[in-house]
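Spelled out, the chains give:
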Amino acid sequence: RDRAREILSAVEGRTDTRLGVEAMGLLDAYGIPTPDGDIVDSPADALDVAERIDGDVVMKIVSPDILHKSDIGGVKVGVADEDVEDAYEDLVSRARNYQPDAMIIGVQVQEMVDLDRGVETIVGMNRDPQFGPLLLFGLGGIFVETLEDTTFRVAPVSEHEAESMTREIDAAPLLRGARGRDPTDVEGVVETIQRLSQLVTDFPAILELDINPLVATPDGVEAVDVRLTVD
Ligand code: ADP
Ligand code: MG
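Parameters at a glance
- Residue indices follow the written sequence of each chain, beginning from 1 at its first position.
- Labels follow written order: the first chain is A, the first ligand is 1, and so on.
- Totals for whole chains, interfaces and linings use all residues, but because this is a predicted model, local features are given only for residues with pLDDT of at least 70 and pairs of side-chain atoms are given and counted only at 80 or more.
- Hydrogens and water molecules were not included; the side-chain quantities draw on all heavy atoms of the structure.
- Listed donors are limited to N, O and S atoms within 2.8 Å of the metal, widened to 3.2 Å for Na, K and Ca; water is not among them, so incomplete-looking sites are possible.
- What counts as a helix is a DSSP run of H or I of at least four residues, what counts as a strand is a run of E of at least two, and both are numbered from the N terminus.
- One heavy atom suffices: a residue is near a molecule or strand as soon as one of its heavy atoms comes within 4 Å of it.
- Pairs of N or O atoms within 3.5 Å make up the polar contacts considered here, provided that, within protein, one atom can donate a hydrogen while the other can accept it, and that residues adjacent in sequence are counted only when both atoms are side-chain atoms.
- All accessible-area figures derive from a Shrake-Rupley calculation using a 1.4 Å probe, and residue coverage is judged against the displayed protein chains alone.
- Note that Gly is not counted as nonpolar here; it falls among the polar residues with everything else outside the nonpolar set of Ala, Val, Leu, Ile, Met, Phe, Trp, Tyr, Cys and Pro and the charged set of Asp, Glu, Lys and Arg.

### As for the coordination of the magnesium ion (ligand 2)
Here comes step 1: Summarising the metal site, the magnesium ion (ligand 2) is bound by the protein donors Asn212 (O) and Asp225 (OD), whose distances to it range over 2.2 to 2.3 Å. A residue pair is termed long-range when its members are at least 10 positions apart, and Asn212 in strand 8 (residues 206-217) and Asp225 in the loop between strand 9 (220-223) and strand 10 (226-230) qualify at 13 residues.

### Brief notes about the site of ligand 1
Here comes step 1: Near ligand 1 lie 20 residues; those nearest to it are Lys60, Lys69, Ser70, Val113 and Glu120.
Here comes step 2: In this structure, an oxygen atom belonging to ligand 1 sits 2.8 Å away from a main-chain N or O atom of Lys69.
Here comes step 3: Ser70 places a side-chain nitrogen or oxygen 2.3 Å from an oxygen atom of ligand 1.
Here comes step 4: When ligand 1 is considered free in solution it has 540 Å² of accessible area, and contact with the protein chains removes 93% of it.
Here comes step 5: Listed by contribution, the elements that provide at least two residues to the shell around ligand 1 are strand 2 (57-62), strand 4 (106-111) and strand 8.
Here comes step 6: Grouping the amino acids of the shell around ligand 1 by side-chain chemistry returns 9 nonpolar, 5 polar and 6 charged.

The following block contains the structure:
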């Protein structure tokens, strides 16, 4: 809680209110798992991070001006160490092409999560003028808007309510292992919903927070992308 408070007071009143970097730290402070990795501002530093992570990495442009990174080719999945430096330059030039005056913070280098065995979900919150903090859970990833397979509760939620959210969506059978797939860590998803619920209850200054995707695999859950808006 203290760490979360520190992070939030550092970003309070900032106008570039899309704070991916700080958001990862907030989740971490509340025990929501995030993939290993870091945000760097040079190709050489990107390589350093990639070398310390086992296997290929994911690289993403970090800019408050770019909300949907994959829309502009700002996410590269499965980058081998020898391609990391080129990938860095490429991500930055794609961002510049998209918006020449975009403020570019750098590139996030992240451990790969096994999507083949996982399900992309979304866990989010926004404050409704009438109901207060509304938690959302649903099928996630880059198609979330088109599929609209989501369910809502007012925070704070009990374990029972969080659990029922994971049962309500159309894609619920996917989480529990459909068609011979291994069941994913639904308990981890339930816990994540509750932890997010606690976080937004503790900090009214968080206006909006979306984990998309929270990847659920048989081994656990990982918040690979977070978007945060603060007061
Ligand atoms: P954005 O939503 O801004 O386009 P994301 O970080 O959510 O950017 O990445 C887009 C997609 O790339 C994700 O929905 C997921 O399918 C894939 N992806 C992102 N990070 C990882 C990761 N660490 N491991 C595996 N796949 C990833
Ligand atoms: Mg995303």
